[in-house]
Amino acid sequence: MALMNLNLVIQCIELHHFLHCQHTLGHHPYTNVDEADPDIVTAAKEVPDLRRIKDTQTWLPRYFHQHLYMPFLYGLLAAKTRIQEFFILFFYKNNGPVRVTRPSTVHWFLFFGGKIFYYTYRILIPLLAGMPVWQLLFLVFVCDVFTSYYLALIFQVSHVNSNVEWPLPDENKVINADWWELQIQTTQDYSTDSWFVTFMTGALNHQTAHHVFPFVAQCYLPIVTPIVKKTCEDFGIKYNYCGTFWDALSSHVWHLKRLGRVDKQEYSSHEVSVLKQKTY
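Calculation criteria
- The residue numbers shown here count from 1 along each chain, following its written sequence.
- Where local features are concerned, this predicted model is filtered to residues with pLDDT of at least 70; where side-chain atom pairs are given and counted, the filter is 80 or more; whole-chain, interface and lining totals use all residues.
- Hydrogens and waters are ignored; side-chain quantities use all the structure's heavy atoms.
- The helix and strand labels rest on DSSP assignments: H or I over at least four residues marks a helix, E over at least two residues marks a strand, and numbering proceeds from the N terminus.
- Every case where a carboxyl oxygen of Asp or Glu lies within 4 Å of a side-chain nitrogen of Lys or Arg is listed as a salt bridge.
- Note on classification: 1.4 Å probe, protein chains only; a residue is buried when its accessible area is under 20% of the maximum for its type, exposed when over 50%, partly exposed between these limits.
- Here an axis means a line fitted to C-alpha atoms, over the contact stretch when the element is a helix, while the angle between two N-to-C directions is reported on a 0 to 180 degree scale.
- Throughout this description, any angle smaller than 35 degrees is read as roughly parallel, any larger than 145 degrees as roughly antiparallel, any in the 65 to 115 degree range as roughly perpendicular, and the remainder as oblique.
- Every residue pair with non-hydrogen atoms within 4.5 Å of one another is taken to be in contact.
- Charged means Asp, Glu, Lys or Arg here, nonpolar means Ala, Val, Leu, Ile, Met, Phe, Trp, Tyr, Cys or Pro, and polar covers whatever is left, Gly included.

S.K.: Give a description of unusual backbone geometry that names residues and reports values.
M.R.: Backbone geometry places asparagine 32, a non-glycine residue, at a positive phi of 65 degrees. Positioned with a positive phi, lysine 173 is a non-glycine residue whose angle comes to about 65 degrees. Secondary-structure assignment places lysine 173 in the loop between α6 (133-159) and α7 (179-185).

Set out below in structure tokens:
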């Protein structure tokens, strides 16, 4: 756990500019808005994505099984991020719909300094200490997998499910909704009465309060959540909530399963029938 936390801290330091553009400038202002929130960006239509999480994506036969194979692929998130950050910073210059500005000298220092520190303590020092290469690679892989699942599952269950809203802009690229209400409608909380889950997630199970008050320190979110919940009741706004983390995780997996098995009208009845026989 200590190594995983250190891994997270180092990644946050070296990816400060990258995360600022993606999370602060993209995800928080435009939560779950297609073609605006970089956290739900999917591949272009000509190169279909590995998963279907939005109704706007074209359905493909392989999505029938996405609720089975995607949970395994989430374990590769850390490796994907390292590759993605390189191409975004040096080639693409944008993260989905969000333009990534040129990093400042400080950000470049954090980026390369973080990389040097990471590979020194993670690769160089163990090798110099005599650790076998196969053992080193195995431990790095295990730590990366744990880190990937830790990050992926915390955020996927909060936003990628069928309980939350997936707002679509009008023809003028405008969302006709109040921003605070939109944050509540596109977010799902879970286990907010559990000190253990709150501790393990860094209070990000109080995701709604985090989105409504993004600059409030996370240690105060458990105090803010009851206020947000009561305000939702007073104004008749739906507050999305799951009693346990497992309920929240199930809602995410069910969302993958639902979107993997709908919108099959592009295929003939015979093709759909064959696909059903292979899937169910």
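S.K.: Give a description of the pattern of salt bridges that names residues and reports values.
M.R.: A full pass over the atoms with the stated rule returns 4 salt bridges. A salt bridge links aspartate 34 to lysine 54; the shortest N-O distance between them is 2.9 Å. In this pair, aspartate 34 sits in the loop between α2 (16-27) and α3 (66-73) while lysine 54 sits in the loop between α2 and α3, placing the two residues 20 residues apart along the sequence. When sorted by exposure, aspartate 34 lands in the same class as lysine 54, which is buried. A salt bridge links lysine 173 to glutamate 35, with the nearest nitrogen and oxygen atoms 3.5 Å apart. With lysine 173 in the loop between α6 and α7 and glutamate 35 in the loop between α2 and α3, the pair connects residues that are 138 residues apart, well separated along the chain.

S.K.: Before we move on, can you summarise the packing of α6 against helix α11 (residues 245-259) with the specific residues and values?
M.R.: Where α6 meets α11, the axes come as close as 8 Å, and the angle between the chain directions of the two elements is 75 degrees. The orientation of α6 relative to α11 falls into the category roughly perpendicular. Residues Leu153, Gln156 and Val157 of α6 pack against Phe245, Ala248, Leu249 and His252 of α11. A breakdown of the residues in the contact of α6 with α11 according to their chemical character gives 5 nonpolar, 2 polar and no charged.

Just geometry here; none of it tells us what the structure is for.
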